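Here is how the chains run, residue by residue.
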Amino acid sequence: MSTTTFAQALNRALRDSLTDDPDVVVLGEDVGTLGGVFRITDGLTRDFGEERCFDTPLAEAGIAGFAVGMAMQGFRPVIEMQFDAFGFPAFEQVVSHIAKMRNRTRGRLTLPLVIRVPYAGGIGGVEHHCDSSEGYYAHTPGLHVVTPGTPADAYSLLREAIASPDPVVFMEPKVLYWSKAELDLPATTAPIGTAEVRREGSDVTLLTYGPQLPTALKAAEVAAAEEDWDVEVVDLRSIVPFDDETVMASVRKTGRCVVLAEAQGFAGVAGEVAARVSERCFHSLAAPVLRVSGLDIPYPPPKLEHSHLPGVDRVLDTIGRLQWDDEPDLTYAGGPGDRAEAR
Amino acid sequence: MSTTTFAQALNRALRDSLTDDPDVVVLGEDVGTLGGVFRITDGLTRDFGEERCFDTPLAEAGIAGFAVGMAMQGFRPVIEMQFDAFGFPAFEQVVSHIAKMRNRTRGRLTLPLVIRVPYAGGIGGVEHHCDSSEGYYAHTPGLHVVTPGTPADAYSLLREAIASPDPVVFMEPKVLYWSKAELDLPATTAPIGTAEVRREGSDVTLLTYGPQLPTALKAAEVAAAEEDWDVEVVDLRSIVPFDDETVMASVRKTGRCVVLAEAQGFAGVAGEVAARVSERCFHSLAAPVLRVSGLDIPYPPPKLEHSHLPGVDRVLDTIGRLQWDDEPDLTYAGGPGDRAEAR
Amino acid sequence: MTDVQHLLPCPEPVRFMDEAGTLVPGGPGELATERGYALPSDDDLLAVWRAMVLGRRFDSQATALTKQGRLAVYPSSRGQDACQVAPVLTLAEQDWFFPTYRDSMALVARGIDPVEVLTLLRGDWHCGYDPVATRTAPQCTPLATQSVHAAGAAYGMKRRGNGGVALCYIGDGATSEGDFHEALNFAAVFEAPAVFLVQNNGYAISVPLSKQSKAPALSYKGVGYGIRSEQVDGNDPAAVLAVTRAAMEHARAGDGPFLIEAHTYRLEAHTNADDATRYRTKEEVAQWQGRDPIVRLQRYLLDRGALDQARVDEVTAEGEALAADLRARMNLEPEVRPSELFEHVYSTPTPQLREQAHMVAAEEAQVMHG
Amino acid sequence: MTDVQHLLPCPEPVRFMDEAGTLVPGGPGELATERGYALPSDDDLLAVWRAMVLGRRFDSQATALTKQGRLAVYPSSRGQDACQVAPVLTLAEQDWFFPTYRDSMALVARGIDPVEVLTLLRGDWHCGYDPVATRTAPQCTPLATQSVHAAGAAYGMKRRGNGGVALCYIGDGATSEGDFHEALNFAAVFEAPAVFLVQNNGYAISVPLSKQSKAPALSYKGVGYGIRSEQVDGNDPAAVLAVTRAAMEHARAGDGPFLIEAHTYRLEAHTNADDATRYRTKEEVAQWQGRDPIVRLQRYLLDRGALDQARVDEVTAEGEALAADLRARMNLEPEVRPSELFEHVYSTPTPQLREQAHMVAAEEAQVMHG
Ligand SMILES: Cc1ncc(C[n+]2csc(CCOP(=O)(O)OP(=O)(O)O)c2C)c(N)n1
Ligand SMILES: Cc1ncc(C[n+]2csc(CCOP(=O)(O)OP(=O)(O)O)c2C)c(N)n1
Ligand SMILES: [Mg+2]
Ligand SMILES: [Mg+2]
């Protein structure tokens, strides 16, 4: 076993895919000579040549659309959007073509491409470098949306994404790039579409993914140590497809559920997960499903990001509020009078 | 009282805003001479001149960004995205600037602009002309997202949106453009941020908005006539801000809730609404909150759209499934064996 | 000192014949020859003429089908016939074609079954033909987005070394979109064998070119990408054929992309749902009616004796047969299956889609049996 | 016949002085004069020189602050000093400026408090200055997006009739973005008084211009929009000043937008976090070090006797004072309030934000008291 960072695991996945399949190409801004601003593509151009890993002009719609065209010729492009917010110029290409081409053509024209998106915050980055954009993609039928939380998953899920016949939006939590594991590569973890129980527990299910996985595990530890709550942590890994089976089985077992996601909370993935669990486990639930999400604000400046990011305390507070009241968050929302005034 | 269509109400709102405030300008593709492909801007150029209502080059990011620049000079641009899917090229401008400029500049630079988006389907339109894109905007902090369901609201909410100091994404359900009401204009309805009980009822709350409002009202009628269910229909009107008070009050009263929205269901507005209700009304709920949404597929071709669109029957079926089982949708999902196989 | 002359288009549209089908001596015609465009052979022009006649018959039949409610909508390309068919006839086996929503006539010229061409507009599915088998991308509705695909596909073919070229159509209005810019740039940077053909028909729905661009001509955009460019009289079938052929050869020879602007006009409204009288005059339309590419080429060929009335009648009859067949097949109600909605979204439906498919199937069963 | 010569840039970058600060006789210098660019007066050049000296001192101080952890990141514009300051000095009271993330030096030249300039990078808020009061848009990170704002603001000023011009900066890499295309086109179509200045420093992070564009020069993009264009030696402060001034006058006179490409180089890495040795050679950097715009202009002014050592010392001291003040103020930990996160999202917080503000306030209180 050797120590492998998340970033190294991704790099290795790209290498092994390039080696195994001559149709795989890696392209994007600065992915060539520089090896990417996060060095995820480090050395690929050197080792596989300009033809296999290359820089493009600076235009994200162009990158996405160019990859569509290459995929039409049988290539398997892996494109990088340098940061989450810089994927937005490509939104039309992603939503109107990449997500829909297979369906449009009755499966005759498939687009086996991967869109790598370094996403979310916690790295002290300035505006536009820390957006959580998975909700936009997850709301778009035709895309798979995958987000690893461990180096082993980073490797295995990326390899599977590249091999997939369907387009995959591969969301890489930037904050985890430097996280480590003892790991021998190649490694194969559970397939896309499956969630993973990262910690077994009996009192409450904590559902999370990507950048918040460490927070969840930490919170579970603290909860066990300080509050004697036995928290089961489930890592979704794949947002689309969604693993209802594993998730619902856990909640039916524990009877309580908190959904933890870093993205702004309103109308995103956390809402979906909470709604699904509430729909499907209604009679198993001893308390409402609560969410711990990022605030509904633009990603804050570095010196204030700690107030935005769900932290261990916020998770523990929320678990603590899995009471049996009808209005679980009144503690913070103030009394009814206050809420009326807010209107 | 005279008969007014939804489209006429919008046109009148634009006219009255142009009359009242010399800083209001209307711009977009074909909004000038042609009066827009839906004729919402009909006659504005003729009556107010090219300076107040004008055609732009064919580029949606350009339109949105140009409007940002004009707003910086004190104008109040009202821009039209010709169809929902044609708003996607402007996504970066909307998400990275329009939504964030006020916050970025500590309120010093505000962008009082309105983005009109004819959206959703039910009109036999081909691909890219029927997308439900409200979920993307609702998930973006800094935007107001408003969607009228009646001619009176079309008028009143659009006037309010144009007068608002904040950017408003104004979602116009295309299927309602030709709907009518007996109405004298100008009319003032409840403000942005408030939901409206469209039909009182005691057994179940049906939460909906925009294109599905007529379906909801129809379903409520049929439910009363055929099933003796007394359905309360709540029209959200404004997705952001969200009127928790009205919504929760209704659900606490009825004890049951169905959320009806046309958009693809996964990770969108319906999920948010269902999650909120489940969180906040847990102990009042006699059954899980269920959703009736569009399918998680690209918008279908015209001859198949009826299978995608939530219809009265699907709503009634769903109300009928407000049983007290733990797995309310197993009827359709097949047995557990079947679900395992789906994996 | 940079010299850019070789990148700039001809200062007037390349043209071989005037509106009466007479060869233009000197003037643009001479310029055309100077620039290396050869007047096509009679055989080649006969092929173009036939394809235009058939294309236009198809087009008018499609418009008629909208009146009978058989098509949801139809954007006619009547008047743009030369642009629709001549470039398509220059395509080789391995080449890919990237059409827009307006280019149905071009698809027919490409040999795609007219019923499959109209599937999108009939509404039984989105794209009716097999893009891989026909080497033709789905007709593209989101404007200019296909141009980037064309750049990528062209580069892909270059990488495959199969000698293929991507031919991409785009409208004058769509050149304003950012994607067009990115496409030209990517094609140039990767020296992709792509030919971009702008059908400048003067309008984007109601918006005239004067509100779309202040460029001396849209073909002057090429130099900003280092792309060779040309402008051509889009209603002169000979010129369109000659210039496109040169462009395709340029691309195929590995000399990089090529941009063509063809000046033309759509004689019908934007679609059958549009009211063109709101934004253009009868006089303008009448003027362009006098520049009809079919009339022009037919007269030229008749004058040369390359064509006779018998052949005209033959091809007219061929057109009628095409139209009759199209009518007959379009009058059959297409079979649609709700279950198909779930089949192509992913290679394997997600569990979520399977649940939804079950729901729809159960509803269908209820309707059938209940 | 279309004539486009008046829209094309000078076939070589406009230049007045060489690397040694000697006026260039004939060649590009002559071309410059032909095209109507006047060698700026000594007074004007002295102002540019002073602003460059102060700007560079600011820039090196900012880089130093990253090492002390006072800034999260800093993109230096060292070497681009002429482009940074000369155009800004041509701005009139009512004009608007649209800078990118790299243009901090330009903001200082514009008179914005250096601490407010660095707010974004210190991380206590996003934009530290008041855009309305300073007529300066927030430094723009999403590439090219500001160019469309500039077009709209320019058109807005035209509509207001206030004689204002929008000056927009953009990098060579960012010209590949669709927004740049849309901005030029909108500006041209609406005859907006906007000047677009491309600082072509040869790289977009690691990507060299040769992989970014095959244009003869980026300034050749203008003709495709009907926009007058120019290219200039971006390290010749006199040329940058003269060309920008002409462009501003062109726009102010109602003659529409203007595109300038300034050839320059960033001497530092992309940001302090970047490792430029990965993609460029020491030799290349050294070569450009020899083209330093400050050295060049200073020598020119000294040679002419317009500047003497006393004045050099004076301005150097001014720079030191600026740096010392900046250091002192940046060393104070800025006060941040979590509650502010909710204050500016909307003019009135939504009920949802109020709930979240309550939550954060309660957490803060818990931390304080618990
Ligand atoms: C991105 C996008 N925006 C808007 C539309 C709506 N629309 C369809 S056709 C059209 C005009 C296109 O004009 P042009 O490119 O000149 O092509 P033409 O219709 O003349 O063939 C518009 C605005 C669209 N299809 N896609
Ligand atoms: C839309 C977008 N895509 C990607 C980035 C990431 N990025 C920041 S700077 C940069 C390079 C910009 O190069 P250039 O325009 O030449 O400006 P320079 O940095 O040389 O001043 C990139 C790719 C971004 N900020 N915005
Ligand atoms: Mg057109
Ligand atoms: Mg650069």
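None of the values given here were measured: they were computed from a predicted structure. (Residues numbered from 1 in each chain as written. Chains lettered and ligands numbered in written order. Predicted model: local features only at pLDDT ≥ 70, side-chain atom pairs only at ≥ 80, totals over all residues. Heavy atoms only, no water.)

This paragraph deals with the relation of the copies chain A and chain B. Note on the chain copies: they are related by a rotation about an axis and a translation along it. You can overlay chain A on chain B at an RMSD of 0.0 Å; the transform is a turn of 180° with a shift of 0.0 Å along its axis. Read as a symmetry element, the transformation amounts to a two-fold axis. For chain A, the smallest separation between a C-alpha atom and the rotation axis is recorded for Ala275 of chain A, amounting to 2.2 Å. Counting the interface residues of chain A, we find that 100% of their copies in chain B are interface residues as well, pointing to one common contact surface. (Least-squares fit on C-alpha atoms with pLDDT ≥ 70 in both. Contact = heavy atoms within 4.5 Å.)

Once that is clear, we can look at the domain arrangement of chain A. Interface size is commonly expressed as the accessible surface area that is lost when the partners come together. Residues and elements named next belong to chain A. Taken as a whole, chain A is organised into domain 1 (2-183) and domain 2 (196-342). Distance from the C-alpha centre of domain 1 to the C-alpha centre of domain 2: 28 Å. Of the residues lining the interface, 28 residues belong to domain 1; the matching set on domain 2 comes to 20 residues. Roughly 1800 Å² of surface becomes buried between domain 1 and domain 2 when both sides are summed, with 58% attributable to carbon and sulfur atoms. By the criterion of area lost to domain 2, the three top residues of domain 1 are Ser132, Glu134 and Thr147, representing 21% of everything that side buries. Between the two partners, domain 1 and domain 2, sit 2 salt bridges. The partner of Arg237 in a salt bridge is Asp153, with the nearest N and O atoms 2.6 Å apart. Between the two partners, domain 1 and domain 2, sit 11 residue pairs in polar contact (both at pLDDT 80 or more). When contributions to the side of domain 1 that touches domain 2 are tallied by element, the ones reaching two or more residues are α6 (134-138), β6 (144-146) and α7 (151-163). Of the residues in the side of domain 1 that touches domain 2, the class split is 15 nonpolar, 10 polar and 3 charged. (Domains from an automatic or database assignment. Buried area = accessible area lost by both parts, 1.4 Å probe. Salt bridge = Lys/Arg side-chain N within 4 Å of Asp/Glu carboxyl O. Polar contact = N/O pair within 3.5 Å; in protein donor to acceptor, adjacent residues only side chain to side chain. Helix = DSSP H or I, 4+ residues; strand = E, 2+ residues; numbered from the N terminus. Nonpolar A, V, L, I, M, F, W, Y, C, P; charged D, E, K, R; others polar.)

For the rest of this paragraph, the subject is the side chain of Glu182 of chain D. Residue placement: Glu182 of chain D occurs in helix α8 (residues 178-189). Within polar-contact distance, the side chain of Glu182 of chain D engages the backbone nitrogen of Gly178 of chain C at 2.6 Å. Filtering out sequence-adjacent residues up to four positions away, Glu182 of chain D remains in contact with Ala59, Glu60, Ala61 and Gly62 of chain B together with Ser176, Glu177 and Gly178 of chain C.

On the side of chain C, 46 residues touch chain B, which itself brings 42 residues to the contact. Across the chain B to chain C interface the summed buried area is about 3800 Å²; carbon plus sulfur atoms make up 61%. Here chain B and chain C share 5 salt bridges between them. A salt bridge links Arg278 of chain C to Asp42 of chain B; its shortest N-O distance comes to 2.8 Å. The element that contributes the greatest number of residues to the side of chain B that touches chain C is helix α14 (residues 336-342) of chain B, accounting for 4 residues. Considering only residue class, the side of chain B that touches chain C consists of 19 nonpolar, 7 polar and 16 charged.

In this section: the domain arrangement of chain C. Examined at the domain level, chain C breaks down into domain 1 (5-335) and domain 2 (337-370). The distance between the C-alpha centroids of domain 1 of chain C and domain 2 of chain C comes to 40 Å.

What follows concerns a nonpolar patch on the surface. On the surface, Ile123, Val175 and Trp178 of chain A cluster together to form a nonpolar patch covering roughly 270 Å² of accessible area. Here Trp178 of chain A is to be found in the loop between β7 (168-173) and β8 (180-183). (Patch = residues over 30% accessible without salt bridge, like charges linked within 9 Å, V, L, I, M, F, W, Y side chains within 5 Å. Areas by Shrake-Rupley, 256 points an atom, 1.4 Å probe, with all protein chains shown as cover.)

Bringing the site of ligand 2 into the picture now. Ligand 2 sits among 21 residues. The nearest are Glu60 of chain A together with Arg102, Asp172, Gly173 and Asn201 of chain D. More than one chain approaches ligand 2, the contributing ones being chains A, B and D. Separating a nitrogen atom of ligand 2 from a side-chain N or O atom of Gln82 of chain A is a distance of 3.5 Å. Within the side chain of Tyr101 of chain D, an N or O atom sits 2.8 Å from an oxygen atom of ligand 2. Protein burial of ligand 2: of its 580 Å² of free accessible surface, 96% is covered by the chains. For the shell around ligand 2, the residue count by class is 9 nonpolar, 6 polar and 6 charged. (Near = heavy atom within 4 Å.)

Moving on to helix α5 (residues 114-122) of chain D. Think of an α-helix as turning once every 3.6 residues; residues three or four places apart then point the same way. All names here are of chain D. Counting buried residues along α5, 8 of its 9 residues qualify, which places the element largely inside the surrounding structure. Burial in α5 covers these residues: Pro114, Val115, Val117, Leu118, Thr119, Leu120, Leu121 and Arg122. Where α5 is buried, its residues contact α2 (42-67), α4 (104-109) and α13 (309-331). Taken from the residues just after α5, Gly123 is the one with a positive phi, measuring 95°. (Buried < 20%, exposed > 50% of the residue type's maximum accessible area, 1.4 Å probe, protein only.)

Residue and element names in this part refer to chain C. One open sheet holds the 5 strands; their spatial order is β1-β2-β3-β7-β6, and the pairing between them is parallel. The open sheet is flanked by β1 (96-98) and β6 (228-233), the only strands paired with a single partner. For this sheet, the mean inter-axis angle between neighbouring strands, taken without regard to orientation, is 15°. Relative to strand β2 (residues 166-171), β1 runs parallel, the two sharing 3 bridges. Across the sheet, residue Phe97 finds its bridge partner in β2, namely Leu167. (Pairing = 2+ DSSP bridges. Axes fitted to C-alpha atoms, helices over the stretch in contact; angles between N-to-C directions.)

This paragraph deals with the coordination of the magnesium ion (ligand 4). All names here are of chain D. Looking at the metal site, the magnesium ion (ligand 4) is ligated by Asp172 (OD), Asn201 (OD1) and Tyr203 (O), spaced 2.0 Å from it. Of note, the magnesium ion (ligand 4) draws all its donor residues from one chain, in the sequence arrangement D-x28-N-x1-Y. Here Asn201 lies in the loop between β3 (194-200) and β4 (203-204) and Asp172 lies in the loop between β2 (166-171) and α8, a separation of 29 residues in the sequence. With a relative accessible area of 2%, Asp172 lands in the buried category. With a relative accessible area of 5%, Asn201 lands in the buried category. (Donors = N, O, S within 2.8 Å, 3.2 Å for Na, K, Ca; no water.)

Residues with a pLDDT of 70 or more make up 94% of chain A, whose mean pLDDT is 94. Note on residues 330-343 of chain A: pLDDT under 50 across the span, and 27 contacts to partners over four residues away in sequence or across chains. (pLDDT = per-residue confidence, 0-100.)

What follows concerns the interface of chain A and chain B. In this assembly, 65 residues from chain A lie in contact with 65 residues from chain B. Of the roughly 5700 Å² buried between chain A and chain B on both sides combined, carbon and sulfur atoms contribute 55%. When the buried area of chain A at its contact with chain B is split by residue, His139, Phe266 and Glu279 of chain A rank highest and sum to 14% of it. Residue Arg291 of chain B is joined to Glu279 of chain A by a salt bridge in which the shortest nitrogen-to-oxygen separation is 2.6 Å. Breaking the side of chain A that touches chain B down by element, the ones donating at least two residues are α4 (91-98), α5 (101-104), α6, β12 (238-240), α9 (244-254), α10 (269-280), β14 (290-294) and α14 (336-342) of chain A. The class makeup of the residues in the side of chain A that touches chain B is 29 nonpolar, 16 polar and 20 charged.

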